[in-house]
Amino acid sequence: MAQQIFAYIAHKDGKADDTALELEVAARKIDADASVTAIVVGSDAVCDEVAASYKEVWKIRSDAYPNAEVIRKALVSILPADAIVLVPHDTFGMDLAPGLSIKLDSAFVADVVGLEGIEDGNLKIVRQEYSGMASTHVSCDISGGAVINIRPGAFQPDESKGAGGSVVDKTGDAGDLSETTRRFLEVVEAEAGDVDITKSEILVSVGRGIEDQDNLEIINELAEAVGGDVSCSRPIVDAKWLEKARQVGTSGQTVKPKVYLALGISGSFQHMGGIKGAPYIVAVNKNAKAPIFQMADLGVVADILEFVPELAEKVNEMK
Ligand SMILES: Cc1cc2nc3c(=O)[nH]c(=O)nc-3n(C[C@H](O)[C@H](O)[C@H](O)COP(=O)(O)OP(=O)(O)OC[C@H]3O[C@@H](n4cnc5c(N)ncnc54)[C@H](O)[C@@H]3O)c2cc1C
């Protein structure tokens, strides 16, 4: 394939986001022999970090990060016309990517979970609809380039690879980045709670299936029995049944437990996007068609109000 593939690298506090390695794997699903170029705006440390996995890293010096308006302008100046650009499908990527495709006059596909190579010049793409209940197979004409939002966590990173790539400073080609209608002010961190679920090895996570705040007691008891911490999906926080610091997901915490129990959780991508490090996922849901079962290592079709107390009892008996 003659077209060049680029991966836009998100980062925070001088460290590349987990999606940095995931995009590299996604690029190889488009073209196994492609030489993928990483683009890093605003961090020398991140350039050096991702050079370990990418053959080439294009660096743009700017303190505008994470202002999508400025970064879009820079990318339009440096990218070739038929570039294929992979961008994480997170809050920032959703801001950056659609407008970038318009400026580049290229195709745009959002929230991609699978890439199945090129057939007759068209890229075969898999997306999900109805909260993951149905898959859509998209055939995308990429001859004029494409901007593709990749869902975080959809591709497993290949940590074994070492590319030892070079860093090329493209700041001079990026144009004048000082003119902007938006101004980045600050990152406001989520308030800290009484437990730091980002450090937990076992998470007992509860979703809307718990039905009532009083029923949370059975979740606490199971967490105590298995030696885990309680986390939750967003509706539980919205209902003010648990604090925001316990919410897993793209607008909550990113967690890396060894075991993740998903109890009465449907498995939306916003929730699953907060689970990293490929934990062993146990899902309990009364709907056998719930999307969470596609991602679970072990699935139990059951009513959590009956199953969870029984499980806690059995665990306590075994102890
Ligand atoms: C911009 C944006 C950001 C978001 N960020 C997040 C985020 O960070 N984290 C997050 O979690 N969500 C987030 N969401 C919301 C997300 O889209 C989903 O709505 C949410 O994850 C659904 O939570 P849930 O699985 O608990 O509820 P539901 O989707 O309602 O699922 C409840 C599940 O429980 C099952 N169930 C019901 N009763 C029982 C029972 N008695 N026993 C067993 N199973 C039962 C049902 O079959 C169903 O599968 C975000 C949404 C947007 C738009």
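Draft legend 1. Inspection of the overall build of the chain at higher detail. Within the chain one finds 9 helices and 16 strands. Computed over its C-alpha atoms, the radius of gyration of the chain comes to 21 Å, within 12% of the 20 Å expected for a compact globule of 319 residues. Considering the chain as a whole, with its 319 residues, one finds that 43% of them fall into the buried category. Residue pairs at least 24 apart in sequence account for 66% of intrachain contacts in the chain once pairs closer than 6 positions are excluded.

Draft legend 2. Seen up close, the domain arrangement of the chain. The domains assigned to the chain are domain 1 (5-173) and domain 2 (197-318). For domain 1 and domain 2, the distance between their C-alpha centroids amounts to 31 Å. Contact with domain 1, which involves 11 residues of that partner, is made by 13 residues of domain 2. Taken together, the residues of the side of domain 1 that touches domain 2 sort by class into 2 nonpolar, 5 polar and 4 charged.

Draft legend 3. Broad picture of the environment of Phe 293. Note on placement: Phe 293 falls in helix α8 (residues 292-295). As for Phe 293 and Ile 281, which are separated by 12 residues in sequence, their C-alpha atoms are 9.3 Å apart. The residues touching Phe 293, leaving out its near neighbours within four places in the chain, are Ala 283, Asn 285 and Gly 299.

Draft legend 4. Fine view of helix α2 (residues 44-51). For α2, the set of buried residues is Val 46, Cys 47, Val 50 and Ala 51. For α2, the buried positions fall inside an angular range of 135° around the axis, keeping them on one side. If you follow the buried residues of α2, they end up packed against β2 (11-12), β3 (15-16), α1 (19-30), β4 (36-41), β5 (56-60) and β11 (166-169).

Draft legend 5. Highlighting the sheet that holds strand β13 (residues 229-232). The 5 strands lie next to each other as β13-β12-β14-β15-β16, forming an open sheet whose pairing is parallel. Of all the strands in the sheet, the pair left with one neighbour each is β13 and β16 (298-301). Looking at each pair of strands side by side, their axes are set apart by 20° on average, direction ignored. Both strand β12 (residues 202-206) and strand β14 (residues 259-263) contribute to a ladder of 5 bridges, which runs parallel. Its bridge partner being in β14, Ser 205 is matched across the sheet by Ala 262. Together, β12, β13 and β14 form the strand contacts of helix α5 (residues 216-226), whose direction differs from that of β12 by roughly 170°.

Draft legend 6. The site of the ligand, seen in detail. Around the ligand, the structure places 27 residues, and the nearest of them are Gly 207, Gly 209, Ser 233, Gly 249 and Ser 266. Sorting the residues of the shell around the ligand by element identifies α6 (234-238), α7 (269-272), β15 (280-285) and α9 (304-318) as the ones contributing at least two each. Class assignment for the residues of the shell around the ligand results in 7 nonpolar, 16 polar and 4 charged.

Draft legend 7. Structural detail: the sheet that holds strand β7 (residues 107-119). Within the open sheet, the 9 strands sit side by side as β9-β8-β7-β10-β6-β1-β4-β5-β11. Their pairing is mixed. The sheet is open, and its two edges are formed by β9 (134-141) and β11, each paired on a single side. With direction set aside, neighbouring strand axes in the sheet form an average angle of 35°. As judged from the 4 bridges shared by β5 and β11, these two strands associate in the parallel manner. From the neighbouring strand, Lys 59 faces β11, where its bridge partner is Asp 169. This element, helix α4 (residues 91-104), spans β6 (84-88), β7 and β10 (146-150) of the sheet and lies at about 170° to β10.

Draft legend 8. Examining the pairing of strand β1 (residues 5-8) more closely. Taking every second residue as pointing to the same face, both faces of β1 are buried, with Ile 5 and Ala 7 on one and Phe 6 and Tyr 8 on the other. Note: β1 against β6, 3 bridges, orientation parallel. Within β6, the position partnered with Ala 7 by the bridge is Leu 86. The sheet contact formed by β1 and β4 spans 4 bridges and is parallel.

Draft legend 9. Main features of unusual backbone geometry. A positive phi angle, near 50°, is found at Asp 111, a position not held by glycine. On the secondary structure map, Asp 111 appears in strand β7. Backbone geometry at Asp 120 places phi at a positive 50°, although glycine is not the residue there. Looking at the secondary structure, you find Asp 120 in the loop between β7 and β8 (122-129). Residue Asp 120 is classed as exposed on the basis of its 7 C-beta neighbours within 10 Å.

The rules behind each value
Residues numbered from 1 in each chain as written. Predicted model: local features only at pLDDT ≥ 70, side-chain atom pairs only at ≥ 80, totals over all residues. Helix = DSSP H or I, 4+ residues; strand = E, 2+ residues; numbered from the N terminus. Rg over C-alpha atoms; globule rule 2.2 N^0.38 Å. Buried ≥ 20, exposed ≤ 12 C-beta atoms within 10 Å, placed from the backbone. Contact = placed C-beta atoms within 7 Å. Domains from an automatic or database assignment. Nonpolar A, V, L, I, M, F, W, Y, C, P; charged D, E, K, R; others polar. Arc of directions from axis to C-beta. Pairing = 2+ DSSP bridges. Axes fitted to C-alpha atoms, helices over the stretch in contact; angles between N-to-C directions. Near = placed C-beta within 6 Å.

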